[in-house]
Amino acid sequence: MYVIAALAVVGIALAADWPTIQRNFFQVDVIREMFPELVTIAAKNTAIYTTLSFALGFVLALALALMRMSTVAPFRAFAMIYIELFRGLPALVTLILIGFGLPIAFDGFRLGSTMVRGSVGLAIVAGAYMAETIRAGVEAVPRGQSEAARSLGMSKNRTMFTIILPQAFRIIIPPLTNELVLLIKDTSLFFVLGTTPASKELTKFARDFMVSSRNATPLTVVAIAYLAITLPLTYVVRRMERNAGKSR
Amino acid sequence: MSTDATEAATETASDVAIRVLELHKYFGDLEVLKGIDFQVDHGEVVCVIGPSGSGKSTLLRCINRLEESTSGNIFIEGDDITDPDADVDLLRTRIGMVFQQFNLFPHLTVLRNLTVGQTKVLKRSKTEAVQIAEEMLERVGLSEKRDEYPIRLSGGQQQRVAIARSLCMKPDMMLFDEPTSALDPELVGEVLEVMRTLADEGMTMMVVTHEMGFASEVADRVVFMDEGIVVEEGPPAQVLKDPQTERAQKFLKMIDHA
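What counts, and at which threshold
Residues numbered from 1 in each chain as written. Chains lettered and ligands numbered in written order. Predicted model: local features only at pLDDT ≥ 70, side-chain atom pairs only at ≥ 80, totals over all residues. Heavy atoms only, no water. Pairing = 2+ DSSP bridges. Helix = DSSP H or I, 4+ residues; strand = E, 2+ residues; numbered from the N terminus. Contact = heavy atoms within 4.5 Å. Axes fitted to C-alpha atoms, helices over the stretch in contact; angles between N-to-C directions. Buried area = accessible area lost by both parts, 1.4 Å probe. Salt bridge = Lys/Arg side-chain N within 4 Å of Asp/Glu carboxyl O. Polar contact = N/O pair within 3.5 Å; in protein donor to acceptor, adjacent residues only side chain to side chain. Nonpolar A, V, L, I, M, F, W, Y, C, P; charged D, E, K, R; others polar. Phe/Tyr/Trp six-rings, centres within 6.5 Å; stacked < 30°, edge-to-face > 60°. Buried < 20%, exposed > 50% of the residue type's maximum accessible area, 1.4 Å probe, protein only. Lys NZ or Arg CZ within 6 Å of the ring centre and 35° of its normal. Parallel < 35°, antiparallel > 145°, perpendicular 65-115°, else oblique. Left-handed = near helix turned anticlockwise from the far one by under 90°. Core = buried A, V, L, I, M, F, W, Y, C linked by side-chain atoms within 4.5 Å. Patch = residues over 30% accessible without salt bridge, like charges linked within 9 Å, V, L, I, M, F, W, Y side chains within 5 Å. Areas by Shrake-Rupley, 256 points an atom, 1.4 Å probe, with all protein chains shown as cover.

Engineer: Looking at this structure, I do not really get the sheet that holds strand β5 (residues 79-80) of chain B. What am I missing?
Structural biologist: To summarise the sheet geometry, strands pair through backbone hydrogen bonds and adopt either a parallel or an antiparallel arrangement. All names here are of chain B. Spatial strand order, β2-β1-β4-β5: 4 strands in an open sheet with antiparallel pairing. Both edges of this open sheet fall to β2 (30-41) and β5, since each of them pairs with a single strand only. Summarising the sheet, strand β1 (residues 16-27) and strand β4 (residues 71-76) pair through 5 bridges and their orientation is antiparallel. The residue of β4 that forms the bridge with Leu21 is Asn73. Sheet contacts for helix α2 (residues 56-63): β1, β2 and β4; angle to β1, the most-contacted strand, approximately 120°.

Engineer: Would you take a moment to explain the interface of chain B and chain A for this structure?
Structural biologist: One frequently used descriptor of interface size is the decrease in accessible area upon assembly of the parts. Contact residues are listed per partner, giving 24 residues for chain B and 21 residues for chain A. In total, chain B and chain A occlude about 2000 Å² of area from one another, counting both sides; carbon and sulfur atoms represent 60% of this. Looking only at chain B, the three residues that lose the most surface to chain A are Phe105, Pro106 and His107 of chain B, adding up to 28% of its buried area. The salt bridge partner of Glu147 of chain A is Arg61 of chain B, with a shortest N-O separation of 2.6 Å. Scanning the region where chain B abuts chain A turns up 7 residue pairs in polar contact (both at pLDDT 80 or more). Residues of the side of chain B that touches chain A, tallied by class, amount to 13 nonpolar, 5 polar and 6 charged.

Engineer: Explain the packing of aromatic side chains to me, please; I cannot follow it from the model alone.
Structural biologist: How two aromatic rings sit relative to each other is set out by the distance from centre to centre and by the angle between their planes. Counted according to the given criterion, the structure contains 7 aromatic pairs over all chains. An angle of 25° between the planes, with centres 6.3 Å apart, marks the rings of Phe54 of chain A and Phe58 of chain A as stacked. With Phe54 of chain A and Phe58 of chain A both in helix α4 (residues 37-68) and 4 residues apart, the pair spans about one turn of that helix. Judged by its relative accessible area of 21%, Phe58 of chain A is partly exposed. Here the aromatic rings of Tyr82 of chain A and Phe86 of chain A are separated by 4.8 Å at their centres, their planes lie at 50°, and the arrangement is tilted. Separated by 4 residues within a single helix, Tyr82 of chain A and Phe86 of chain A lie in helix α5 (residues 73-88), roughly one turn from each other. Here Phe86 of chain A falls in the buried class, since its relative accessible area comes to 15%. Arg207 of chain A extends its terminal NZ or CZ atom over the ring of Phe191 of chain A, reaching a point 4.6 Å from the ring centre. The ring of Phe105 of chain B has Arg165 of chain B lying over it, and the distance from NZ or CZ to the ring centre is 4.5 Å.

Engineer: How should the pattern of salt bridges be read in this particular structure?
Structural biologist: Inspection of every chain in the model, using the stated rule, returns 25 salt bridges over all chains. Ionic pairing is found between Glu233 of chain B and Arg221 of chain B, a salt bridge with its closest N-O pair at 2.5 Å. With Glu233 of chain B in strand β10 (residues 229-234) and Arg221 of chain B in strand β9 (residues 221-226), the pair connects residues that are 12 residues apart, well separated along the chain. On the accessibility criterion, Glu233 of chain B (34% relative accessible area) is partly exposed. We classify Arg221 of chain B as buried; its relative accessible area is 15%. Several salt bridges share partner residues, and in doing so they unite Arg68, Glu132, Arg135 and Glu139 of chain A into one network.

Engineer: Would you explain the packing of helix α6 (residues 91-105) of chain A against helix α7 (residues 114-140) of chain A in this entry?
Structural biologist: Two quantities define a packed helix pair, namely the angle between the axes and the distance from one axis to the other. Residues and elements named next belong to chain A. Two elements in contact, α6 and α7, have axes whose closest approach is 9 Å; the angle formed by their N-to-C orientations is 135°. Considering their axes alone, α6 and α7 lie oblique with respect to each other. In the packing of α6 onto α7, the handedness of the crossing is right-handed. For the pair α6 and α7, the contacting residues are Ala91, Thr94, Leu95, Ile98 and Gly99 in the first and Arg117, Gly118, Gly121, Leu122, Ile124 and Val125 in the second. In terms of residue class, the contact of α6 with α7 is built from 6 nonpolar, 4 polar and 1 charged.

Engineer: Mind showing me how you'd approach the pairing of β1 of chain B here?
Structural biologist: Residues in a regular strand project their side chains so that they alternate between the two faces of the sheet. Residues and elements named next belong to chain B. Of all 12 residues in β1, 9 are buried, a share of seventy percent or more. Alignment of β1 against β2, held across 9 bridges, turns out to be antiparallel. Note that in β2 the partner of Lys25 across the bridge is Leu33. Taken together, β1 and the strand that follows it, β2, pair antiparallel across an intervening segment of 2 residues, in which Gly28 is found at a positive phi of about 65°.

Engineer: What is the right way to read the nonpolar core from this model?
Structural biologist: Generally speaking, a soluble globular protein has its nonpolar side chains buried in company with each other. Ile18, Val20, Phe38, Ile76 and Met206 of chain B are the most contacted members of the largest nonpolar core, which has 74 residues in total. Of the residues forming this core, the biggest block, 9 residues, is contributed by α7 of chain A. Those residues in contact with Ile76 of chain B that sit more than four places away from it in its chain are Ala17, Ile18, Ile63, Ile81, Leu91, Arg94, Ile95 and Met173 of chain B. Listed in part, the 49 residues of the second largest apolar core include Val45, Ile132, Ile163 and Val222 of chain B.

Engineer: What exactly am I supposed to notice about a nonpolar patch on the surface here?
Structural biologist: Residues and elements named next belong to chain A. A contiguous nonpolar surface patch, about 430 Å² in accessible area, is contributed by Leu92, Ile96, Phe100, Ile104 and Phe191. In this fold, Leu92 is placed in helix α6. Residue Leu92 is classed as partly exposed on the basis of its relative accessible area, which comes to 32%.

Engineer: Help me out: how do you make sense of the sheet that holds strand β3 (residues 45-49) of chain B in this one?
Structural biologist: All names here are of chain B. Across the sheet, which stays open at both edges, the 6 strands sit in the order β6-β7-β8-β3-β9-β10 with mixed pairing between neighbours. Of all the strands in the sheet, just β6 (95-98) and β10 have a single pairing partner and so form its edges. Recorded for the sheet is a direction-independent mean angle of 15° between the axes of neighbouring strands. Sheet analysis places strand β7 (residues 173-177) next to strand β8 (residues 204-208), joined by 5 bridges and oriented parallel. Within β8, the residue paired with Phe176 across the bridge is Val207. Across the sheet, helix α7 (residues 185-200) lies against β3, β7 and β8, angled at about 145° from β8, the strand it touches most.

As structure tokens, then:
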């Protein structure tokens, strides 16, 4: 098995036209030209968009999850419809709806800058996914926990916020990280809202650079840039998870 | 609420801690409590025994409304808690509850487990809460564990912390739902010891248990339940040593041979 795989790799390596690949994907002067904007604009914007979308989405998700588990039927119905709707739509469609649909529907109403519109759009989508994650986390906390808290005289809400949610969040750190990594990549959809030189995120920046340099190197660079963000992030979260695990 | 019930409750309100009248509880179509009449006086220790599925845990859980009864009344020191307008949260601060599975909060240290109810519910100051918590930890003999997380404690220690957590609320009475059933045999003794001390200090206690030794030594009264009714009750010497009903005789014989 391994021998075949190794042979295949060697075969592909021999067959590949290395000088061409190097010329198209690893041009040093193109790489050099991409700095410092790659970091000062593109990576920075990706980070800002992601943080904003995640923060907004998380608040939204928490509200939706609580509504979804509420005893009030209209709350439950609203949360269910919302979640099904925005999980079902492609993020791109939601972004276009927010960016172009809203202004058409409400006579030029524009929700702030590209940054705000994009982040709200992604947050709306992420909120739907994370709401279900949070709900799953809450349901994974043993029943006895809320019984013990209620027996001490805590109200339903107090029990949720002091006893249940803190435990639920520990449980859902891995799926939330997943959601965050997905969001980082989804910020590449911001381009549909139109960009200015200062508002480009990594993918848009690379695509424009590919056109101007007539070379594919920016694609390689930006791929590495994404990994440079996601890999340390997952590492940090894994450490956080291990620390949280100490009390469980 | 019927007038009869009101009178019955007010007559004895002062010395009756828990009074249960004609209590019925259904889970779907299944009737698990079939008209329970029952009371616990102040300072009394009552052990409830009986086969599993007899409804003893359900009865206990109805008393602090972790389960909602279907019909009937429950009075806590004269207050009808089955009243839909009753303040359940306030009521629960007066009733300590100890669970089979301990149910300590795993994300909080032992000390925080003991203070969280005091500060958030009773609005005691942090200093006061910590002081009371330390006092209660000392009572259950676990002062040195105050900064540990529950996971680091043995089952017996966890249950003692759980008892201390309830005591911190300064409850008028304590309910125990099979407090030693989840413990390894060698850890049962330390928990029973704490409960015995509590009983000696005059705490009103209702204990669902399979520990016949504890029941016969500590209980003022033993209640035998089977299939949703109170079959027999009386002093431990009578119910445990000389049961009158056939069902109680059968149950005690089975336990003896276990």
